[in-house]
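Chain by chain, the residues:
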Amino acid sequence: MNRMYQICNRCIMDTSDPEITFDSNGYCNHCTRVLKEHRNEPYCFSPEQKKKRLEMLVATIKKRGKNNRYDCIIGVSGGVDSSYTAYQVKELGLRPLAVHLDNGWDSELSVMNIENICKKLSVDLFTYVIDWEEFKDLQLSFLKASTPDSEIPSDHAIVSILYKKAQKEGLNYIIAGTNFATESILPHSWSQGHDDWKYIRSIQNKFGKMRLKSFPHRSILQRCYHKYIKRIKWINLLDYIEYDKEMAKKIIAQKLDWRDYGGKHLESNYTKIYQSYILPEKFEYDKRKAHLSSLICAGQINRKQAIDTMKEPLYAKSQLEEDILYLINKFSISRKEFDEIMRLPPKSYRDYPNYANSWYASLHKGVKGCISKLTKRTI
Ligand SMILES: [Zn+2]
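Reading the values: rules and limits
- Residues numbered from 1 in each chain as written.
- Predicted model: local features only at pLDDT ≥ 70, side-chain atom pairs only at ≥ 80, totals over all residues.
- pLDDT = per-residue confidence, 0-100.
- Helix = DSSP H or I, 4+ residues; strand = E, 2+ residues; numbered from the N terminus.
- Buried ≥ 20, exposed ≤ 12 C-beta atoms within 10 Å, placed from the backbone.
- Pairing = 2+ DSSP bridges.
- Contact = placed C-beta atoms within 7 Å.
- Core = buried A, V, L, I, M, F, W, Y, C linked by C-beta atoms within 7 Å.

Re the confidence of the model for the chain
Item 1. With 91% of its residues at a pLDDT of 70 or more, the chain has an overall mean of 90.
Item 2. Confidence, read as mean pLDDT per element, is least for helix α16 (residues 359-374) in the chain (62) and greatest for strand β1 (residues 72-75) (98).

As structure tokens, then:
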């Protein structure tokens, strides 16, 4: 049944999220959740509280890492968020090891940005180069599975590498560019299963030509091991500082020779075509809506600015054709095969085996609930 179109009166989320709900004021569940329910997040603290919490956090990281060569891991992609995080980490006097996943889709600009950042900040860089043939087959499997989750192989691999590297180096902190200000809204229905190794494996078993032998992954047990036994913590550093994206861009351009690539997460050639063409064309999901709505909630732009930004085309037509050609050449598929993939009926995470309804997921939820009740929130 087709639902009548509705857009939120406060942000710009709309019924392209099939699970969106609106209250009597016409405000959606997303911005309402962000503005009301997340008051306990560091992001919402006053500048003084943030400063105090950050000082405590940095002191703890330094203390825990004093016998190591490094005291934390930072993920670097060449994008604004992770580059600015790297800059801030060094400003705070920490000794990070930068970790990057080369999944075969880095743009030239992102590679240059990463090199410049590490050189200018004198930070050691560990790059994990993924087995391209295996990864290509997995990405194609996700496209054939026809769910809106084709970025999950990259996301899952990056997080796995960060945790495994932290474990290997004996470090307790992963400092990431993920943040509440620019990423507080992302509809569940638009992407699911980031941590779900069972989902990834089931897609590959059904649609892949190869067995996954070296793909970096974490099972539920490994996730529990990292969290509860090794006590490795994920820190959204940008939530502890006043993060203004435009200001951050200016600082890293000036201090680190960072160069802009023109959009959120477009440092990857695959992300560019996936977010700007495949997702909106096939699923009618335009991630700019979630990103701009997050910025409205953070007070960094107003609703009119977001609506005006949405009027800009996602792709220049000539560039789109060029990028589709690049993608099908990388995947070694024909244009006909790509068009067939685009015509496949959309499916969802729920159409494939996953952890969500398994007994160990319930156990994990239960354990997590008990632990958060027993321990007070620490930084
Ligand atoms: Zn809203």
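A look at the pairing of strand β4 (residues 173-176)
Item 1. Alternating positions in β4 separate into two faces, Y173 and I175 on one and I174 and A176 on the other, with burial throughout.
Item 2. Where β1 lies against β4, two bridges are found, and the strand directions are parallel. Paired with I74 across the two strands is I175, which belongs to β4.

Regarding the environment of D149
Item 1. Following the sequence through the fold, D149 ends up in the loop between α5 (132-145) and α6 (152-169).
Item 2. Between the C-alpha atoms of D149 and I220, which are 71 residues apart in sequence, the distance is 19 Å.
Item 3. The contacts of D149, once residues within four sequence positions are left out, are F142, S191, Q192, G193 and Y349.

Points about the pairing of strand β3 (residues 124-129)
Look at any regular strand and the pattern is simple: side chains alternate between the two faces of the sheet.
Item 1. Here six bridges tie strand β2 (residues 96-102) to β3, and the two strands are oriented parallel to one another. Counted as the bridge partner of V99 is F126 from β3.

Observations regarding the nonpolar core
Across soluble globular proteins, nonpolar side chains show a tendency to be buried alongside one another.
Item 1. Counting residues in hydrophobic clusters, the biggest one holds 72 residues, and the most contacted among them are C11, C72, I73, I74, L162, I174 and I175.
Item 2. Counting residues per element, this core draws most heavily on α6, which supplies eight residues.
Item 3. Not counting chain neighbours up to four residues away, the residues in contact with L162 comprise I73, G75, V99 and I174.

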